Every structure is written in structure tokens, then in C-alpha cells.
Amino acid sequence: MDLHHVDLIVSLLTLTAMEIVLGIDNIVFLSIVVGKLPKEQQRSGRTIGLVAALGFRIVLLFTVSWLASLTNGLFQVGNFTVTGRDLIMLGGGLFLIAKSTSEIHHKMEDGGTDLDTGPSPSFFNVILQVIILDIIFSVDSIITAIGLSGNLMVMVLAVVISLLIMLVFSGKVSDFINEHPTMKILALSFLIMIGVMLFADGLHFHIPKGYIYFSMAFSLLVEFINMRIRKANQSP
């Protein structure tokens, strides 16, 4: 195996790992939104949503020149130069904050009962939300991928592998979140944090994602300990 092939393999593994890490946000949102569908539609909702998102990501990869233009200035607001990427980050951040806050509000207003006390959203509406959020998350990750690797096929393969891994584990993650009310609130809180991070990024105020993921990991650890304590107390 020559040096060129080794370089391609390392690039593929790096990009795949990056896409999986960045896909955590997507899985959390997918779990919340698809969890509002009837039980018999949730699996097909996750599958169709992720497959459609995969198609959009591949299309975005083949529009590299357009993606590169998103970092060009569109107009000025004082000394602030607004780009296409900034508008996508600002819009996506506001959408996540509004959506997550609304879900928490409904959860609290229902007195701790299930969120799905009202009419269920349409299947098409859920798929559309999943695709829109995936495109928002994709723009940033794909621009980063273009910077890390100039090989289009490597980038496409990394996206396909990461989406397949997400497809395998999204069902288990979704079931776990929806079966534990406190975990659902925690997941919605994560989405608010991610929305704030996207909005800040759109204002050119970069918050390292390591801080967000460390907060998520620490909160999950505390909640797992609480779950074990509750389970021990409920045992005869």
C-alpha cells in the first residue's frame, strides 16, 4: 500500500469520525421530532428522514463552488460583513431555540405527562423538519470537510458511512430518550445550547464545540447516576 492510499484512508477515517460527532446533534433532534409520530410510523420516519438527508448532503458535496461562495460577504451592517453561511447559522439557531423552548413549555404545561397530548404532527411535516435541520447542520460540517480533504469521493464515502451508523443507532437513542421524561428534557436543553452556539457562530462569535459536548457528557453522567439511584430505591 503506497503513501497515497494511506493518506486517503486516514482522511476517510478522520472525516467519518467528524461527521459522526457532528451528527450527535442531528440524532437528538431526530429522536425528539420523530418521537411525536405514532409508534408504527417512527421507524419509517427515522429511515426516510435520514436517507433524504443523506441525499441532500451528497447533492451539497457536488456543489462545492456554491458552498465556497457561502463564506463570501453578501452585505455590510456597520463593520459586520454578513455571509450566506451566517444567515443559515442565524436562522438555524433561532429555529432550534424556538422549537426546543416550545417543546419544554408543552412538557411543563402538561404537568409532566407525555408531550403528545395534542394532535400528532403529519408524517410529511416531521420529515421536512428533519431534512431542514440536517441541511443546516450539513452546511457547517461539509465546509469543514472540504477544508480537510479535497477528494470528493472520500467526502461522499465519509458522509454515507456516518449516516449509515446514525441510521443503525438512531432507533435505540430515540427509544431511550422517549422512554425517560427527564432525558427528554435534557435532550431539549442540549438543543437549546446547540441553537445558541449556531446563532453565536452566525454573529462570528465562535464557541468551541468541545465545551458543548463536555457539558452534554457531564449532564448525561449525572442523569445516569440519578437513574441508577432511582432504580435502586424502587427495588424491593
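Everything numeric in this text was worked out from a predicted model, so none of it was measured. (Residues numbered from 1 in each chain as written. Predicted model: local features only at pLDDT ≥ 70, side-chain atom pairs only at ≥ 80, totals over all residues. Heavy atoms only, no water.)

A short note on the overall build of the protein chain
Where we set the bar: Helical segments are the DSSP runs of H or I of at least four residues, strand segments are the runs of E of at least two, and each set is numbered from the N terminus. Any two residues whose heavy atoms approach within 4.5 Å are treated as being in contact. Shrake-Rupley sampling with a 1.4 Å probe provides the accessible areas, and residues are treated as covered by the protein chains on show and by no other component.
Within the protein chain one finds eight helices and two strands. Element order for the protein chain, N to C, with α for helix and β for strand: α-α-α-β-β-α-α-α-α-α. The contacts in the protein chain between residues at least 6 apart in sequence include a share of 80% that link residues at least 24 apart. Taken as a whole, the protein chain presents about 12,500 Å² of accessible surface, with 70% of it coming from carbon and sulfur.

Some words on the pattern of salt bridges
To be explicit about the condition: By convention in these notes, a salt bridge is any Lys or Arg side-chain nitrogen within 4 Å of a carboxyl oxygen on Asp or Glu. Per-residue accessibility, obtained with a 1.4 Å probe over protein chains only, is compared with the maximum for each type, and a residue is labelled buried under 20%, exposed over 50%, and partly exposed between these values.
Counted according to the given criterion, the structure contains one salt bridge. A salt bridge links Arg230 to Glu223, with the shortest nitrogen-to-oxygen separation between them at 3.1 Å. Looking at Arg230, the relative accessible area reads 36%, which means it is partly exposed. You can call Glu223 buried: its relative accessible area is 10%.

Examining helix α6 (residues 152–179)
Put simply, the rule is: Take the residue count of a helix, subtract one, and multiply by 1.5 Å to get its expected span. Values of bend correspond, residue by residue, to the angle between axes fitted over the seven residues ending at that residue and the seven starting there.
Given a rise of 1.5 Å per residue, 28 residues ought to cover 40 Å, and the 40 Å separating the end C-alpha atoms of α6 matches this to within 8%. The largest bend in α6 comes to about 40°, at Phe169. The complete set of buried residues in α6 reads Val154, Met155, Val156, Ala158, Val159, Ser162, Leu163, Met166, Ser170, Gly171, Ser174 and Ile177.

Digging into the pairing of strand β1 (residues 73–77)
To keep it simple, the criterion reads: Any two strands between which DSSP finds at least two bridges are classified as paired.
Bridge count for β1 against strand β2 (residues 80–83) is four bridges, and the pairing is antiparallel. Pairing of Phe75 across the sheet is with Val82, part of β2. Between β1 and β2, which pair antiparallel one after the other, the connecting turn spans two residues, and Gly78 there sits at a positive phi close to 70°.

Re the packing of helix α7 (residues 181–202) against helix α8 (residues 209–234)
A pair of packed helices is characterised by two quantities: the angle between their axes and the separation of those axes. The criterion, for reference: Only the stretch in contact is used when a helix axis is fitted, and all axes are lines through C-alpha atoms; the angle between N-to-C directions ranges over 0 to 180 degrees. To sort the angles, those under 35 degrees are grouped as roughly parallel, those over 145 as roughly antiparallel, those from 65 to 115 as roughly perpendicular, and the leftovers as oblique. Residue polarity is assigned by list, with Asp, Glu, Lys and Arg as charged and Ala, Val, Leu, Ile, Met, Phe, Trp, Tyr, Cys and Pro as nonpolar; anything else, Gly included, falls into the polar class.
At a closest axis distance of 11 Å, the pairing of α7 and α8 adopts a crossing angle of 170°. Viewed along their axes, α7 and α8 adopt a mutual orientation that is roughly antiparallel. Contact residues: α7 offers Thr182, Met183, Leu186, Phe190, Met193, Ile194 and Met197, while α8 offers Lys209, Ile212, Ser215, Met216, Ser219, Leu220, Glu223, Phe224, Met227 and Arg230. Its residues assigned to classes, the contact of α7 with α8 shows 11 nonpolar, three polar and three charged.

Quick notes on the layout of surface pockets
Worth spelling out the cut-off: A cavity here means a set of points on a 1 Å grid, drawn over the protein atoms and nothing else, where a 1.4 Å probe fits but cannot get out; a pocket is an open set with protein on both sides within 12 Å along at least five of seven lines, and a residue lines either one if it has an atom within 4 Å of a point. Grid points are joined across faces, edges and corners, and a volume is the space filled by probe spheres set on the points.
What the largest pocket holds in volume is close to 370 Å³. In this structure, the largest pocket is lined by 19 residues; those nearest its centre are Ile24, Ile27, Val28, Val173 and Leu220. Looking at the lining of the largest pocket, the elements that each hand over two or more residues are α1 (3–34), α6, α7 and α8. Top element by residues in the lining of the largest pocket is α6. It accounts for six residues.

Re the packing of aromatic side chains
To keep things clear, this is the line we draw: Between 30 and 60 degrees the pair is tilted, below 30 it is stacked and above 60 it is edge-to-face, where a pair is any two Phe, Tyr or Trp rings, Trp via its six-membered ring, whose centres lie within 6.5 Å.
Tallied over the entire structure, the rule returns one aromatic pair. Ring centres of Phe214 and Phe218 lie 6.5 Å apart, and the angle between their planes is 20°; on these two criteria the pair is classed as stacked. Of the two residues, Phe214 and Phe218 are both situated in helix α8; the distance of four residues between them amounts to about one turn of the helix.

Considerations on the nonpolar core
Rules: Take the buried residues of types Ala, Val, Leu, Ile, Met, Phe, Trp, Tyr and Cys, join any two whose side-chain atoms come within 4.5 Å, and each joined set is a nonpolar core.
Membership of the largest hydrophobic core comes to 43 residues, with the highest contact counts inside it found for Leu96, Leu191, Ile194 and Leu198. The set of elements that each furnish at least two residues to this core consists of α1, α2 (39–61), α4 (84–109), α5 (123–148), α6, α7 and α8. Broken down by element, the residue count for this core peaks at 10 residues, all from α1. Beyond its immediate chain neighbours, meaning those up to four positions away, Leu191 contacts Asp25, Val28, Phe29, Ile32, Leu96 and Ser100.

A short note on the packing of α2 against α6
Quick reminder of the rule: Note on convention: near helix rotated counterclockwise from far helix by under a right angle means a left-handed crossing. Clockwise means right-handed.
Contact geometry for α2 and α6: axes closest at 10 Å, N-to-C directions at 165°. Taken together, the axes of α2 and α6 are roughly antiparallel relative to one another. Once α2 is placed against α6, the crossing between them reads as right-handed. In this structure, α2 uses Lys39, Arg46, Thr47, Leu50, Leu54, Arg57, Ile58 and Leu61 to contact α6, whose residues at the interface are Leu152, Met155, Val156, Val159, Val160, Leu163, Met166, Leu167, Ser170, Gly171, Ser174 and Asp175. For the contact of α2 with α6, the class distribution of residues is 12 nonpolar, four polar and four charged.

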